[in-house]
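So the chains spell out like this:
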Amino acid sequence: MFYAGYGYHASNFEQTYRCYPASFFDKPHLEGGDKVIMPPSALDRLASLHIEYPMLFELHNGVTDRISHCGVLEFVAEEGMIIMPYWMMQNMLLQEGDIVRVKNATLPKGTYVKLQPHTTDFLDISNPKAILEKTLRNFSCLTTGDSIMVAYNNKQYYIDIVEAKPASAVSIIETDCEVDFAPPLDYKEPEKPQRPIVPAGKAPAEDQEAIVEDEPKFKPFTGSGKRLDGKGPKQPAPGASSAAAAARSAPSDSNKRANQQTASPSGASTSTRQKTGKLVFGSSASSKKEAEAQKDPAKGSEPPKKEEPKFNAFTGKSYSLKR
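This structure is a prediction, so every number in the text was calculated from the model and none was measured.

A. Layout of the overall build of the chain. Scanning the chain from terminus to terminus reveals nine helices and twelve strands. Out of the 323 residues belonging to the chain, those deemed buried represent 28%. A separation of at least 24 residues holds for 75% of the contacts in the chain among residues at least 6 apart in sequence. Carbon and sulfur atoms form 53% of the exposed surface of the chain, whose accessible area is close to 23800 Å².

Following this line, the structure appears as structure tokens:
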């Protein structure tokens, strides 16, 4: 059963209108939500059908077979016309003056919605969650596959509705809905730095060298000595420690020098003073000093330095118990 001139069914509301964007009628506030403006005749028909509030509608573009959902803000449009947000017309691939079919719908309350921003600029906002909550207060429902527009700071951000539960189209009026975000469409994962390729044969050798260099070298007798008479320890002559270390680290060299001295005729006198089975360090140095003393008698006649008195124990006065 149809009403004359309108094409209404007896049990539900269904009508075709020519759509126009909100900018044509100086109503820019429509762009911040999903509500449309319908003619007064639609309100009369809806009131007679006892439609549940809030009123929700299904929009259908028969040419492209695109479907979306919306709410209604006012019933002040001219007859045969419907005023829609421009972003909604873009979702449905509608142009100014195209035919759109409007039908009343009942949608379940949403429990989960997954959103995906088009650009990473939306995530750079100081508080995107608060901006999104404020924007969705002007929406009545969400449909999977739509791209809603969020206006903030004189800039428009588009967000895709990737998933909705418990149905592909849900109502978000007076309901607690969980919101999840997918990575933006232009998001690129940061590239991991590539490690230089090292040949298999060189890698273990370099590791072993690094381990050897890190290990501290053992140094014997690094403590300080103390004397029984309370005096400070004698300072070793500069170069004495290095000479001793060289002698300890290369005993074979001293053996070679001792053998050379015994074999050579000039070192016969020194070899006789050395006892068999013992190593004498610095014998070559002493022979050099004697040779220099013979060449320069002035140096050899220098008076010997007085040696410091040795420590003698029990050198105090003694007393007898007898008078």
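B. A look at the packing of aromatic side chains. For the coordinates displayed, the defined rule picks out five aromatic pairs. Here Trp 87 and Phe 139 contribute two aromatic rings whose centre-to-centre distance is 5.7 Å and whose plane-to-plane angle is 35 degrees, an arrangement assigned as tilted. With Trp 87 in helix α2 (residues 86-91) and Phe 139 in the loop between α3 (128-136) and β8 (141-143), this pair connects stretches of sequence that are 52 residues apart. You'll find Trp 87 and Phe 139 in the same group, each marked buried. Pairwise contacts between aromatic rings join Phe 122, Tyr 157 and Phe 181 into one cluster.

C. How the structure looks around the pattern of salt bridges. By the definition in use, this model includes three salt bridges. Two residues, Arg 101 and Glu 14, come together in a salt bridge whose shortest N-O distance is 3.5 Å. Of this pair, Arg 101 sits in strand β6 (residues 99-105) while Glu 14 sits in strand β1 (residues 14-21), and the two are 87 residues apart along the sequence. Where Asp 121 meets Lys 155, a salt bridge forms, and the shortest distance between an N and an O atom there is 3.3 Å. Of this pair, Asp 121 sits in the loop between β7 (112-117) and α3 while Lys 155 sits in strand β10 (residues 155-165), placing them 34 residues apart in sequence.

D. Structural detail: the confidence of the model for the chain. Of all residues in the chain, 63% have pLDDT values of 70 or greater, and the mean over the chain is 75. Predicted confidence for residues 1-10 stays below pLDDT 50, and this span has 24 contacts to residues more than four positions away or in other chains. Throughout residues 262-272 the model reports pLDDT below 50, and contacts reaching past four residues in sequence, or to other chains, amount to five contacts.

E. A look at the nonpolar core. Formed by 42 residues in total, the largest nonpolar core has its most connected members in Phe 13, Met 38, Phe 57, Ile 82 and Met 84. Looking at this core element by element, the count peaks at four residues for β10. Two domains each put at least three residues into this core: domain 1 (14-104) and domain 2 (112-181). In this structure, Ala 22, Leu 30, Ile 37 and Ile 83 belong to the second largest nonpolar core, which totals five residues.

F. Expanded view of the environment of Leu 132. Of note, Leu 132 is situated in helix α3. Under the relative-accessibility criterion, Leu 132 is labelled buried at 4%. For the pair Leu 132 and Val 150, spaced 18 residues apart in the sequence, the C-alpha separation amounts to 7.3 Å.

G. Just the pairing of β6, in detail. Every second residue of β6 is oriented toward a common face, the buried set being Val 100, Val 102 and Asn 104 and the non-buried set Ile 99, Arg 101, Lys 103 and Ala 105. Relative to β6, β1 is paired through five bridges, and the arrangement is antiparallel. Counted as the bridge partner of Thr 16 is Arg 101 from β6. The pairing of strand β3 (residues 56-61) with β6 spans five bridges and is antiparallel.

Conventions we followed
- Residues numbered from 1 in each chain as written.
- Predicted model: local features only at pLDDT ≥ 70, side-chain atom pairs only at ≥ 80, totals over all residues.
- Heavy atoms only, no water.
- Helix = DSSP H or I, 4+ residues; strand = E, 2+ residues; numbered from the N terminus.
- Buried < 20%, exposed > 50% of the residue type's maximum accessible area, 1.4 Å probe, protein only.
- Contact = heavy atoms within 4.5 Å.
- Areas by Shrake-Rupley, 256 points an atom, 1.4 Å probe, with all protein chains shown as cover.
- Phe/Tyr/Trp six-rings, centres within 6.5 Å; stacked < 30°, edge-to-face > 60°.
- Salt bridge = Lys/Arg side-chain N within 4 Å of Asp/Glu carboxyl O.
- pLDDT = per-residue confidence, 0-100.
- Core = buried A, V, L, I, M, F, W, Y, C linked by side-chain atoms within 4.5 Å.
- Domains from an automatic or database assignment.
- Pairing = 2+ DSSP bridges.

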